[in-house]
Amino acid sequence: MSWFGVGRSEEESEGKFTDRELTQRMVSYILPYKKPIIITTIIIVINTAFSLVPPYIIGRLLDFAVELSEGGTPSIALIVTLAVTNFVLNGLLWYLGEYLTRVITIRAITKVTREIRMDMFQKIQNHDFRFFDTHITGKIMSRVMNDTDTLRDTLFFITQLFGNILLVLASAGLLFFLNWQLALISLALTPLIFLLMFIYRKFVRRTMLNWRKTVATVNAAMGESISGIAVSKSFSREKRNSEDFQKINQENFVASFKRGLIFTTLWPIITLMQIAVLVALLVYGQNLVVFNHVMEPGALYSFTIYLWRFFFPLTQVANFYSQYQAGLAAMERIFGLMEVESEVKEADEPKILPELKGEIEFKNMDFWYNENEPVFKNFSLKINAGETVAIVGETGAGKTTLASLLSRFYEIKGGSILVDGVDIRDLQIEWYRQQVALVLQDSFLFSGTIKNNIKFGRIWDNPTDEEIRLAAKTVQATEFIEDFPDGFETEVLERGKRLSTGQRQLVTFARALLANPRILILDEATASVDAYTEAMIQDALEAIMKDRTSIVIAHRLSTIKNADKIIMIENGQIVEMGSHDELLTKKGQYAELYETYFKHQSLM
Amino acid sequence: MERINSTEIVNNGLSKQQIEIRNIPDSHLKWLIQQVFRKPAITITVIVGTLLSIAATMARPYMMGELFDVIWELYLGSRTANIVEFLSILDIDKDILIYVYILLGLAGFEFIINITVGILNEYIAQNTERSIRDDFYKSVQSKSMAFHDTAKVGELMSQATFDVRIINATVSPGLRMITQAILTASAAFGLLFYYDWRIALAVIVFTPFYIWAVRNYSKKLHPLTEKVQKQFGIANSLLQENVSGIRVVRAFTAEKYETKRFSKEVDELRDDIIARGERQALYFPPLILSLSITIALGLSILFIATGSMSGGEAIAITGALFQLYNPTYMISWVLYLTHMGIAGAKRIITTMKEEEIIVEKPDAIKFTDIQGRVDYINVDFSYYKLREKTRKTGTEIKKQETKEKPEIIVRETLKDINLTANPGDIVAILGPTGCGKSTITKLLARMYDVDSGEILIDGKNIQDITLESLRKNIGVIEQDIFLFSTTIKENIAYGVDRKVSDEKIIEYAKAAQAHDFIMTFDDGYDTLVGERGVTLSGGQKQRIAIARAFLANPKILILDDSASAIDAQTEELIQKAMDRLLENRTVFIITHRLATIKRANKIIVLRKGEIVAQGYHDSLLKSSEDYRRVFGRHIELPPIDEAIGSTSGGSK
Ligand SMILES: Nc1ncnc2c1ncn2[C@@H]1O[C@H](COP(=O)(O)OP(=O)(O)OP(=O)(O)O)[C@@H](O)[C@H]1O
Ligand SMILES: Nc1ncnc2c1ncn2[C@@H]1O[C@H](COP(=O)(O)OP(=O)(O)OP(=O)(O)O)[C@@H](O)[C@H]1O
Ligand SMILES: [Mg+2]
Ligand SMILES: [Mg+2]
């Protein structure tokens, strides 16, 4: 097994929807485009009707010419008229129609895929974090970008479908009109082709789905190995990575090959069937012509030409079925991504409070990520408005989790969280999150300038440059930022690779401050910053934290000594609570922790 | 790679990789063709097979023509004879029967050939896709950090999946189509000449016009195709960032903003695709063809009437003329596919050809059994070049307005670094945020190459050592922990060769204080962690990384702020275990925590990329203001001139 692209991402969407549901959804995307489809259908029919004329004309012309050669005067005018008619119908009008259908079709298809893509994106924006914990970015991306792209083929067939059905009917009618006996022979093919498609259908669906999955895995593997390149390099794993990747790529090769086989073998089989019918037709036709004289050779010839006009839409219609299966496979993945039930849901009538004071209460809260590994059990804690509360505890105690829950990143499993006495589940999520800002333990920056990254903290209402500068200044970031030749306009690259870890943290800190929240959560916000800068930040923060509720999580105890309340948690329970001095005199666990910390931080 | 002869390499002083990179042809089309001919035997079989299958297909109208000649003859004959007798519907003329067999035989032949060729062609297409992707992956892996710093993950992903896939599509129907188009057209012309040179000429007269139209189409289509693929990459990388940063997006309720950003790119992609499609629809050689066919038709009728052509011939000619439609449309598709392939090739090659690699000298020595002495001698380094590059690719990738800066201030990241670490030394590197601590350590493992000066290990310039043996001897616990989305076990064993016993993994996990929390998970060591390790807490991740680094057993160890997310008590436990683990290693410790500093043999204090003080704790505390700053204000330091040891500081 190779190490990447595996993740916890189980393909849960498989078999989640019935074909009917998938079809309904697909139809709902296509329905707004019924006008283009109708127009396409009409053009296809008209165009084909026009193109039906020339073979007839040619057949007639030839008969006519042969007769002339046996003694007669050729009427040049007639010949020219017929030829020009042929050109206009077969060339010009046909070209025009073709042009129109193509343009209309490409527009419709592209718009549909664009819409699906956007819908997926929007849905993803609302998925809860449980989803992102268990799904790998590369696989999510593959669905949004690649699977929608494969849908294009199916959509194309759909736009052509009605036109082709009409053509099948019309050309069948015409064949009957020309000669019902020959027509019957030609029709014999239809059930065969449909049977073939029916058999193929299952393979198509399965190979398609497999193929899409391997594509997603390749994408994920690629993405993850690029993101983790520094680690790979420092362990000299490049060669082995390549080997591992080759395996994943090989799986994609096999799946893709299988899929290719299905479509490449289909056409020769159909062609063979068509020729068989053609031969049967000729055998019978020659009999009619030569022995029974019920038909002229020219008419027979015309008939064979019309036969292909019948075959073409027929195979298209039949092929639609397998294409449609391929589309359903893509759809399954697309809707599988869209229809993830988010645990974090907005209330039916979400509330917006006129003003948030910032009183927080956890009431008998239960929470776990995995059922058997409870993080919080019956957890209760009250934080008064405007207080600064520090949370300490050993790693993995649940500090970050607490912050996430307060931000409604995950849904609690029991009890409640009240803010100003209102259950946060009743609040409008967007509004509520705007009242809470947090500095995440992992500093994440977007590619773009430093300014834009800070601005992101309050992107919803366009903060001024002044505010951005002020936020940067508060966290002592101005100095290093202005040291860059481009200052605030410095491009930080993806994930902020251009900055040192501490610098990155400062920018995320500034971003949170810019949000000007009622509740500020600092999760190890200065863990990578040097002590001197940290101390300066603390001074600056004092004023900011005064009139809002703040939750500070830190392992560096020096930064939390001044908190109003220090809460020590262990195994999801509060084990001690009080001010720094109170807890020290209590000589309990906090005192012990502080002792150790202090020993570490002291110099002797 | 087969095309490089490894014995040549030593001579011209270039590394194997450099040669590989330089061997990639500049012409995208040429490269593309090279790729398609990776398995020349099969590719040629496909081409030959396609020729045969076309021959069979072409023979059909000919046979039909002959057949109709016979039918006509019989028909005219029987009509004049005016025989009226009862005939069974199964009656068939012997002459006609022969043609029936021929037609059936041809169909069978065509079927077999088409299936075989189809499978082989599919194989080539898939194989091309696979090989290019493998190469691409290898190439990306081998690029330097300077490349990866500026690369956009989503962009590279889109090249590896979307663009490579497109090349597959170019090959799979493309290869056969192009053969088919050329052959069908030439055969049709051949037939025309064979039947009647006058008609053939009438058609040929139009070719210059036709060729002009095709070329015009091709020229207009290319930039549009390129744009689509580029835009796809842009949308892809935007999506990649959005998903990776979803926590930030959510925390700051930027969903609407992000949606707007994404929809802007997706809309542009849509418009680009439509523009390309509209251009494609405008392809008008078929129109030219129908004009020439019309004239040819008129002529043949004239010829029949004047007796210089038979009806059967006319049918064959019409058949041949109509055969020209197919290649005409095929050319439009082939061009479309080829342009997509070339655009993909261009994007892939541009990445593969970037010579951003850490060059391994052809005569580099393999490092074994090292002692661990490290010397930095007058080392200068700046990320400046990198920044330059960002600017360039930045504009390349997006229309990001190039604000030409009048002057660029070259800011050195590291200036004149001199330091020595003896085997077994613990060197602490201190200094404010962004002063260059991590950078110093990155240079040691050649993540970047120094601008001037040199770094020696055991007296050997690290540039003379093979990269692998160098890096295998240096272990890093990086500042930003990256875990892979696999089991905890595999993450810990990441740095060692495939076979490592579970006991060993557990032993090191215990030393890193990771064992206990791992055991609280249902699946223990087989617990899957999320991407980058998101499902673990900060301190848990760090401890896994500590175990990972120690298990690799490097001689030189770099701990870059590796306890920043760990509480004091756990850290103390790790410290105890480390005392044993650090033995006999040269260790560089970067930390903002002080306990570790005390254990260092040597302390280096940096400020803005320069070493401003170097020495022991006691003396530095007395002499260096920069060193004192490291402790912030939470610890009361003795006045600068006071003796050490009189106060232990703190508030207690
Ligand atoms: N997304 C997640 N999915 C599953 N389990 C998780 C997830 N995030 C955290 N955990 C687990 O929940 C527990 C609490 O994690 P949390 O991140 O809250 O710890 P923490 O107190 O912040 O620790 P640290 O000080 O190391 O940051 C840990 O055992 C961790 O492995
Ligand atoms: N990949 C990069 N490209 C360009 N500039 C960089 C890159 N990495 C770091 N820098 C710059 O080089 C300088 C030194 O960075 P470095 O990461 O060495 O700092 P550091 O001392 O480790 O800081 P910290 O304590 O925050 O980790 C910083 O100014 C930073 O902005
Ligand atoms: Mg945490
Ligand atoms: Mg650093």
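To be clear, the structure that these remarks concern was listed above.
Residues numbered from 1 in each chain as written. Chains lettered and ligands numbered in written order. Predicted model: local features only at pLDDT ≥ 70, side-chain atom pairs only at ≥ 80, totals over all residues. Heavy atoms only, no water.

(A) How the structure looks around the overall build of chain A. Within chain A, the regular secondary structure consists of 19 helices and ten strands. The C-alpha atoms of chain A give 36 Å as radius of gyration, which overshoots the globular expectation for 604 residues (25 Å, by more than 25%). Principal-axis analysis of the C-alpha atoms gives chain A an extent of 125 × 55 × 50 Å. Restricting the contact set of chain A to residue pairs at least 6 apart, pairs at least 24 apart contribute 80%. Here chain A has roughly 22300 Å² of accessible surface; of this, 57% comes from carbon and sulfur atoms. Across chain A, the 62 positively charged side chains and the 69 negatively charged ones have centroids separated by 5 Å. (Helix = DSSP H or I, 4+ residues; strand = E, 2+ residues; numbered from the N terminus. Rg over C-alpha atoms; globule rule 2.2 N^0.38 Å. Contact = heavy atoms within 4.5 Å. Areas by Shrake-Rupley, 256 points an atom, 1.4 Å probe, with all protein chains shown as cover. Lys, Arg positive; Asp, Glu negative; His and termini not counted. Charge placed at Lys NZ, Arg CZ, Asp CG, Glu CD.)

(B) View of the coordination of the magnesium ion (ligand 4). Residues and elements named next belong to chain B. In this structure, S438 (OG) and Q479 (OE1) serve as the protein donors to the magnesium ion (ligand 4), at separations of 1.9 to 2.2 Å. A residue pair is termed long-range when its members are at least 10 positions apart, and S438 in helix α16 (residues 437-444) and Q479 in the loop between β6 (474-477) and α18 (488-492) qualify at 41 residues. With respect to burial, S438 and Q479 carry one shared label: buried. (Donors = N, O, S within 2.8 Å, 3.2 Å for Na, K, Ca; no water. Buried < 20%, exposed > 50% of the residue type's maximum accessible area, 1.4 Å probe, protein only.)

(C) Layout of the site of ligand 2. Neighbouring ligand 2 are 23 residues, the closest being S500 and G502 of chain A together with S438, T439 and Q479 of chain B. Nearby residues place ligand 2 at the junction of chains A and B. One nitrogen or oxygen atom from the main chain of G502 of chain A is found 2.6 Å from an oxygen atom belonging to ligand 2. Residue D149 of chain B places a side-chain N or O atom 2.9 Å away from a nitrogen atom belonging to ligand 2. When ligand 2 sits alone it has 630 Å² of accessible area, and the protein chains cover 97% of it. Those elements giving two or more residues to the shell around ligand 2 turn out to be α16 (501-514) of chain A together with α16 of chain B. Here the shell around ligand 2 is built from residues that sort into six nonpolar, twelve polar and five charged. (Near = heavy atom within 4 Å. Polar contact = N/O pair within 3.5 Å; in protein donor to acceptor, adjacent residues only side chain to side chain. Nonpolar A, V, L, I, M, F, W, Y, C, P; charged D, E, K, R; others polar.)

(D) Representation of unusual backbone geometry in the model. All names here are of chain A. The residue N364 is not glycine, and still its phi comes out positive at about 45°. Inspection of the secondary structure assignment puts N364 in strand β1 (residues 360-370). Using a relative accessible area of 40% as the deciding quantity, one classes N364 as partly exposed. A positive phi angle, near 50°, is found at E524, a position not held by glycine. The residue E524 is located in the loop between β7 (519-523) and α17 (531-546) in this model. Residue classification places E524 among the buried residues on the basis of a relative accessible area of 5%.

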